[in-house]
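A closer look at the structure
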There are 4 protein chains.
Amino acid sequence: MNRESFAAGERLVSAAYVRQGCEARRSHEHLIRLLLEKGKCPEDGWDESTLELFLHELAIMDSNNFLGNCGVGEREGRVASALVARRHYRFIHGIGRSGDISAVQPKAAGSSLLNKITNSLVLDIIKLAGVPTVTNCFVVPMATGMSLTLCFLTLRHKRPKAKYIIWPRIDQKSCFKSMITAGFEPVVIENVLEGDELRTDLKAVEAKVRELGPDSILCVHSTTSCFAPRVPDRLEELAVICANYGIPHIVNNAYGVQASKCMHLIQQGARVGRIDAFVQSLDKNFMVPVGGAIIAGFNDSFIQEISKMYPGRASASPSLDVLITLLSLGSNGYKKLLKERKEMFLCLSSQLKKLSESYNERLLHTPHNPISLAMTLKTLGEHQDRAVTQLGSMLFTRQVSGARVVPLGSVQTVSGHTFRGFMSHTNNYPCAYLNAAAAIGLKTQDVDLFIKRLDKCLKTVRKEQNKESNASGVDNYDKTEDVGIEDMALKLDNVLLDTYQNSS
Amino acid sequence: MNRESFAAGERLVSAAYVRQGCEARRSHEHLIRLLLEKGKCPEDGWDESTLELFLHELAIMDSNNFLGNCGVGEREGRVASALVARRHYRFIHGIGRSGDISAVQPKAAGSSLLNKITNSLVLDIIKLAGVPTVTNCFVVPMATGMSLTLCFLTLRHKRPKAKYIIWPRIDQKSCFKSMITAGFEPVVIENVLEGDELRTDLKAVEAKVRELGPDSILCVHSTTSCFAPRVPDRLEELAVICANYGIPHIVNNAYGVQASKCMHLIQQGARVGRIDAFVQSLDKNFMVPVGGAIIAGFNDSFIQEISKMYPGRASASPSLDVLITLLSLGSNGYKKLLKERKEMFLCLSSQLKKLSESYNERLLHTPHNPISLAMTLKTLGEHQDRAVTQLGSMLFTRQVSGARVVPLGSVQTVSGHTFRGFMSHTNNYPCAYLNAAAAIGLKTQDVDLFIKRLDKCLKTVRKEQNKESNASGVDNYDKTEDVGIEDMALKLDNVLLDTYQNSS
Amino acid sequence: MNRESFAAGERLVSAAYVRQGCEARRSHEHLIRLLLEKGKCPEDGWDESTLELFLHELAIMDSNNFLGNCGVGEREGRVASALVARRHYRFIHGIGRSGDISAVQPKAAGSSLLNKITNSLVLDIIKLAGVPTVTNCFVVPMATGMSLTLCFLTLRHKRPKAKYIIWPRIDQKSCFKSMITAGFEPVVIENVLEGDELRTDLKAVEAKVRELGPDSILCVHSTTSCFAPRVPDRLEELAVICANYGIPHIVNNAYGVQASKCMHLIQQGARVGRIDAFVQSLDKNFMVPVGGAIIAGFNDSFIQEISKMYPGRASASPSLDVLITLLSLGSNGYKKLLKERKEMFLCLSSQLKKLSESYNERLLHTPHNPISLAMTLKTLGEHQDRAVTQLGSMLFTRQVSGARVVPLGSVQTVSGHTFRGFMSHTNNYPCAYLNAAAAIGLKTQDVDLFIKRLDKCLKTVRKEQNKESNASGVDNYDKTEDVGIEDMALKLDNVLLDTYQNSS
Amino acid sequence: MNRESFAAGERLVSAAYVRQGCEARRSHEHLIRLLLEKGKCPEDGWDESTLELFLHELAIMDSNNFLGNCGVGEREGRVASALVARRHYRFIHGIGRSGDISAVQPKAAGSSLLNKITNSLVLDIIKLAGVPTVTNCFVVPMATGMSLTLCFLTLRHKRPKAKYIIWPRIDQKSCFKSMITAGFEPVVIENVLEGDELRTDLKAVEAKVRELGPDSILCVHSTTSCFAPRVPDRLEELAVICANYGIPHIVNNAYGVQASKCMHLIQQGARVGRIDAFVQSLDKNFMVPVGGAIIAGFNDSFIQEISKMYPGRASASPSLDVLITLLSLGSNGYKKLLKERKEMFLCLSSQLKKLSESYNERLLHTPHNPISLAMTLKTLGEHQDRAVTQLGSMLFTRQVSGARVVPLGSVQTVSGHTFRGFMSHTNNYPCAYLNAAAAIGLKTQDVDLFIKRLDKCLKTVRKEQNKESNASGVDNYDKTEDVGIEDMALKLDNVLLDTYQNSS
């Protein structure tokens, strides 16, 4: 409403009240102005009415929402379904343009602003999360793996002779595939066991660099966030090696924004050595739907090069999600989530330790991993392997998601490469184990339920291993705990036990 | 609500009415069952209540919506913002899994079903749109360009020696970039002028294949939908060449699903020769937001290979949009849109012809192009080039979107390759011209407004060229036509005239 | 967004595009300004984005949406559920104030504006629907019956001696109850049969007025919209009687806004005689949910008196619904609906005539009723009454809603008053019949389905009456017509046949 | 989705996962079944997905959502605007039927269920809030005042000779109007001053009953929730008087559900004497939008009689709001709100006490009022009255809503009755004062902001009274406190000072 509208309003109802309403509106506008001027995440989250006002204002700047528009192009932002238009707040044109996902669209000033502001907010959050010297970043509507692929494809043009990517092993298929898809040959560097932890074998890395020659190497591809007992790579040392040999360094920081330790490693790596880009998932760090990642770095022009490698427009949906989320939370809200996660990690850690000890198992000592924990599974009886797998299946059917059992000796071939001990990041980890993680958003009740259900499943598995029949074991499952879960357990425990294995 | 709930309901209100309500519910369920069993687009569109019931039912099958779930993984589908959860109908887990965008997710049976059904519906629609022998397809949450890149990256593994992509020229940056990003060298085949039309130079293609040798060629990358006076590539003949030389053939069918001529070319090409995959945009063909594409083909296993090249999960958002859209429209609704588009093409064509003749211009004769039209701009006066550009700018400021003026002699360098006559698909098209297209969803009022505004702009440009002042020209702009447009025109006409040039 | 925000936006993306977006925004604002200044229904409907912008702008003028508000009263517009806040567009304070439903609320300038504008739009629509001399009206969040009660309660204060209300009989319970609830004694004037039509007995009205004495009569309570064969009351003549005897006249125009004939009667009545207020349903005339009515009249101060009789605040929900609806439709959209209704009436009329004749029945000749039709049911066989009732039940179970069968001789006591021939508006209508109406929003497919199903039901009923078994009759029900309907029919036909009788 | 759909789903994705999804669905269904079977508010609130599933399931039981419905009645639940349909979750038919707002609608089994369940939940909550012996209640889509009117209109039929309503004075217009609108003469019983409190004059009530004669008295109309220093009426004693004289007793419990003291009074009154019905606002007690009330009582048949007095259907909107709210909160959530309110009352009370003493004012001692507080305003200087009014105005413009200043000697005439000392519930309260209330949903930050702003306003008012100019006073207003508030203050302080006076 403009001045004339307010004036007309004053004639309909009391001028004093309309003026008060009009002033109230200015508070919303003030927040919007601050956001546009500063490009920073507001400290306090916005309420829904400011947020929707803002989105609405942006949307009407896109040509598909012009009242007088006539479109005679091949892509005019027309929408067949009102449900679809509404769920996208009428942002239809996506982000980016032919040659550059960060480019401004003439037809869509609102979507373009949305894109710029989102990238700006996200940069601000990365800084506060522990990488203050980051210089540029952008949201890309692809998950982490494909985003890594985009980084590798960009590097190809700078290093035409390169064929290899040096990759300290992490048993997560999409990390491996990201290199294969980009057309490079991953050089797997096995991890070394230090205490319970699996850590980067720096000597092997450097030896491999020398062996292959720096020019033939596209980059080092390291990882921060990972399942225990693997721990984040030794980023500082890797960064120094990269600097020394003039090799690019791409960091897979998939769910590392939520952990100050991971972020600190990146910050330090960049300070003392070389990190060209680090890639993180939107969903895993910002509690939005799957489908977006942030590509960030310390060299403005390299990040721009990557954004210019994305051919064509792209979905604005992940950007919109993270924008809404960050404006709702505010930086204080996000910091609070980070703080709570740390506390939950301690809580999960201590409870899992206690439980494991009561079963003569052990919580692996992995102090360098700030998110994931592992508890040994050594005492499940004779048919150890089968029991480990069964435990995983039982947890799955009891609606424990994300817990992962890792049996010994699993072998898997991914894109032609055979991994021994797959899932455990090493050929021969000393024992089977179970993983649980304290990721952002975890609540006390999740931990409590998990410990309770794990306890029951462990009991059942052991009994069965002690030659008691499967049926009686299930009979002991406490029927009162969760409505409906029991039936499901009965039906599902007997489905192929390995289906869940790759579920995480 | 289950049987017990209905029974309880019967005790609260009359049994007869509850039973009638319960029966009514079965009609909705019946539609859902048919969809799941047949996997085809329903003939009649669903109403919103069936659609939302269906989405709701799917969503509660995902673990993040389980009432009793406890999640201790690193990605549990938690959402920080209720607004975000709601706009995604609580589908948070995305689609696909580590190694394969078409894979099923254990944590998300609902999202997995959504993904399968969407792909199935889309396949059904591609068949009815004119490619009945297509065997497989999938929706990928990337725009056309990046999807083409993914195809090329997949082919790399099958053709390790290949370096080149044969590409009949089309002046659209993201097409070109899709090859660059994948790391290949585009071999540009200039088009030949036949009458007004620019058509594929088949001899040059074959000569180039021979010159470079089939093994060094990754594929032929042809195009169907394009701006006149370029017309769709001679797919049949190209497909035969590809078959003869054993070269893969990828077709950019960006907005071709909407035109039976484009679809027919693909069907024929596959019948008589070789087409490995054809890629189309979701937004341009199905009136959904930008951000998705369909990769389709005739060889089931090759399409699966591509889907397995996408490393990691991906956004379900484009799939959800097209699912909602197709279920709302039904196949009859979609066919109706296709039919209306054809009619609108005739309407636009005849009106543009009439207008062009009244200005001593000419509608280019491009019968092979079923979507785009071009009208010459030869008579704008002395400062022809400046006038052409000004016309474009004026149309833009008067909220005509998608109309494109193409001046002579524009030169542009894209990723190191210099294109003479850029935008016109050839080094030296005989004249400048203006494009307009009849894309799906175009309405009569769009055509009418466009013709009206173009008429005025042409008048103004000519007058100015006849030495009349800019001011007087603008004065003659009819103030009554569109509220608010006039002011904007005054302000914006003088911004840099070339900003709009790449707007389409 | 204000000027500073746009300026900041220009620094983020191209100034030219932001300006174009900013100009586009002005078109929306222009529509809003016109609405506020003129208070008339826009000719063309608004699109959703303007509508939601407008509602959003109004809502942030309410104190519950002030960012800096602190509320220490007993009613501060706090909302516990975000779903609830959202569905009301965050209008929480309702409309009106202690003493007056039309009063302005200091805490809620936005809601107050919403209320004023809605009443203004509705007044505009009543004028264009055929009562150009109406001077005031307001939306009240009560259905027609309770709104009539409010009118009667208001009159009580002006006519303290009055005990009776003169009421030409119409067999609709809530009309009767509206008088009982207000504490008055309805004086039922039986209708007279003219041809097939039941019309107002003017002589009986006047005789009653004389008999009871004008001062003892609160008002005449007449009706326009009604089921055939009753037709609208003779409003002109009643209005003249009221004027002559100084008796107020309240018209129940429940669903009459949609029929120009009803509106014309009111206009004429007011011109030649006396009409104090006419009351119409929101849902029946404007296709919104049940729950609101419009009280309108020709004497500004009397309408204000009624609005001041409503003690306390009231729900804004019906006002919001009708506001959204009218702004979406525009006056042109509403006129189109009126026009289509007229056409559908002709369509229903001719099809029902044809069908009735094929069964040796007859469409009653009721030219004064512009909405409702009646077809005789004389030939259903021996057990006529049972057959009529069964027909009604069968239609209900086959999802024909709103069709009403009226058997002979039904007797019902409502609030102590016994009505013979209840549902037929007269003690002894010559025959049983079936009603169907062409109300606003009726579609051709409704008519077609109705005629088809009625045809089948009539066939079945007749067969059964001809001693054929019930089972075989149902066996003949065409199983292909409607999925799921058949089963229901089997189950429900045997529920108590009379349940549906009062369904309309 | 039914069994066949799930089976089809199992063929599309893994059977094990679909079964798990299907089982998960049963948890939602289980909650719904419990609700329908028990009719009680669930202890734990439902999450949005269960809630929306439930509403969706109900809605498709209404005939307007039948896929095969054809409607030929005058009211078929058609909706012109998709926005409107959506915001009502497609419940269009409202609640109730011709003669009874609690009746079941044949066309709308879903809406009927919604109505029944809502009333059942609300009854459950009234019991837990402190009136365990309540036997029946219903939600009516009218605010408290009109609902009281409906009670009085119902009583009229049982007490045809009654003309008067005995009414212990409470200065709230709609309470008074509720009696006037019903056509009765309120007999105002002045309150007596006990300490600072204004309490019911029981002797005056009984004397009046004797004077007028019980038969001429429709009922006693008492009040629980009210502004301090008035306190809730002595319900027990009034109920005994009513029982002794055979006079009905209607209690205005507007915002009393939130205070156990008010509820306890009702429970006790009904136990020892007579309470026929008690009426409470939905918005004030359940944090939903304005527009609904609950009429409750101890005699099932009397409450039914009232529900049968409502002529015609009514809006389902308030019922839907309270249903959503209660299901979201659960009884635990509601109890938590009640508990927090009590704590906030103590907080407000102590802070206001402290502040008042620092200004040599006093918090009135009103221990019987559990919600509202009053602080004296005696020391504002010479122009005491003007200063009091100015203080109110200043608070209003500084976005303090709900605070009410009560000057001495205000006289107002409502519907012909003149009230001296209006707003203070008595002719001559000893001093002016300011009210603040701790209503449900009040937060600590509201209290803090209120105290802070009140402090500043008091300072300013005093200074001005000490002959300092208005301008300088405003200059001292702390500019940093609230963005935008200052400007508003400047503009609005000078509008007519009395506009805010009736704002609460």
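Refer to the structure above for everything that follows.
Read on for a plain summary of the structure. Nothing here was measured: the structure is a model prediction, and the numbers come from that model. (Residues numbered from 1 in each chain as written. Chains lettered and ligands numbered in written order. Predicted model: local features only at pLDDT ≥ 70, side-chain atom pairs only at ≥ 80, totals over all residues. Heavy atoms only, no water.)

To continue, consider the side chain of Ser281 of chain D. Residue and element names in this part refer to chain D. Position of Ser281 relative to the elements: it lies in strand E9 (residues 277–281). What makes Ser281 buried here is its relative accessible area of 1%. A polar contact is formed between the side chain of Ser281 and the side chain of Asp283, at a distance of 2.6 Å. (Helix = DSSP H or I, 4+ residues; strand = E, 2+ residues; numbered from the N terminus. Buried < 20%, exposed > 50% of the residue type's maximum accessible area, 1.4 Å probe, protein only. Polar contact = N/O pair within 3.5 Å; in protein donor to acceptor, adjacent residues only side chain to side chain.)

Moving on to the relation of the copies chain D and chain C. Expressed as a screw transformation, the operator carrying chain D onto chain C has a rotation angle of 180 degrees and an axial translation of 0.0 Å, and the superposed copies differ by an RMSD of 0.1 Å. The superposition of one copy onto the other is thereby described by a two-fold rotation axis. Every residue of chain D has its C-alpha some distance from the rotation axis, and the shortest such distance is that of Arg87 of chain D, at 2.5 Å. A symmetric contact is evident, with 100% of the interface residues of chain D recurring at the interface of chain C. (Least-squares fit on C-alpha atoms with pLDDT ≥ 70 in both. Contact = heavy atoms within 4.5 Å.)

Residue and element names in this part refer to chain A. Strand order in the open sheet formed by three strands is E11-E16-E13, with antiparallel pairing between adjacent strands. Pairing within the sheet leaves two strands with one partner each, and these edge strands are strand E11 (372–376) and strand E13 (404–406). Strand-to-strand twist of the sheet, defined as the mean angle between neighbouring strand axes without regard to direction, takes the value 25 degrees. Bridging between E11 and strand E16 (residues 433–437) involves five bridges; their strand directions are antiparallel. Note that in E16 the partner of Ser372 across the bridge is Ala437. Running over the sheet, helix H13 (residues 317–358) touches E11 and E16 and is turned about 0 degrees from E11. (Pairing = 2+ DSSP bridges. Axes fitted to C-alpha atoms, helices over the stretch in contact; angles between N-to-C directions.)

Now for the interface of chain D and chain C. In this assembly, 97 residues from chain D lie in contact with 97 residues from chain C. Summing both sides of the interface, chain D and chain C together bury roughly 8100 Å²; the carbon and sulfur share of this comes to 60%. The salt bridge involving Arg78 of chain D is made with Asp446 of chain C; its shortest N-O contact spans 3.5 Å. (Buried area = accessible area lost by both parts, 1.4 Å probe. Salt bridge = Lys/Arg side-chain N within 4 Å of Asp/Glu carboxyl O.)

Taken together, the contact pairs 97 residues of chain A with 97 residues of chain B. When chain A packs against chain B, the two sides together hide about 8100 Å² of surface, and 61% of this comes from carbon and sulfur. Of all residues in chain A, the largest losses of buried area upon contact with chain B belong to Val72, Glu74 and Arg87 of chain A, amounting jointly to 11% of the total for that side. On inspection of chain A and its partner chain B, the count reaches four salt bridges. Of the charged contacts in the structure, one is a salt bridge between Asp321 of chain A and Arg87 of chain B, with a shortest N-O distance of 2.9 Å. Linking chain A to chain B there are 37 residue pairs in polar contact (both at pLDDT 80 or more). As judged from the two bridges shared by strand E1 (residues 70–71) of chain A and strand E12 (residues 400–401) of chain B, these two strands associate in the parallel manner. From the neighbouring strand, Gly71 of chain A faces E12 of chain B, where its bridge partner is Ser401 of chain B.

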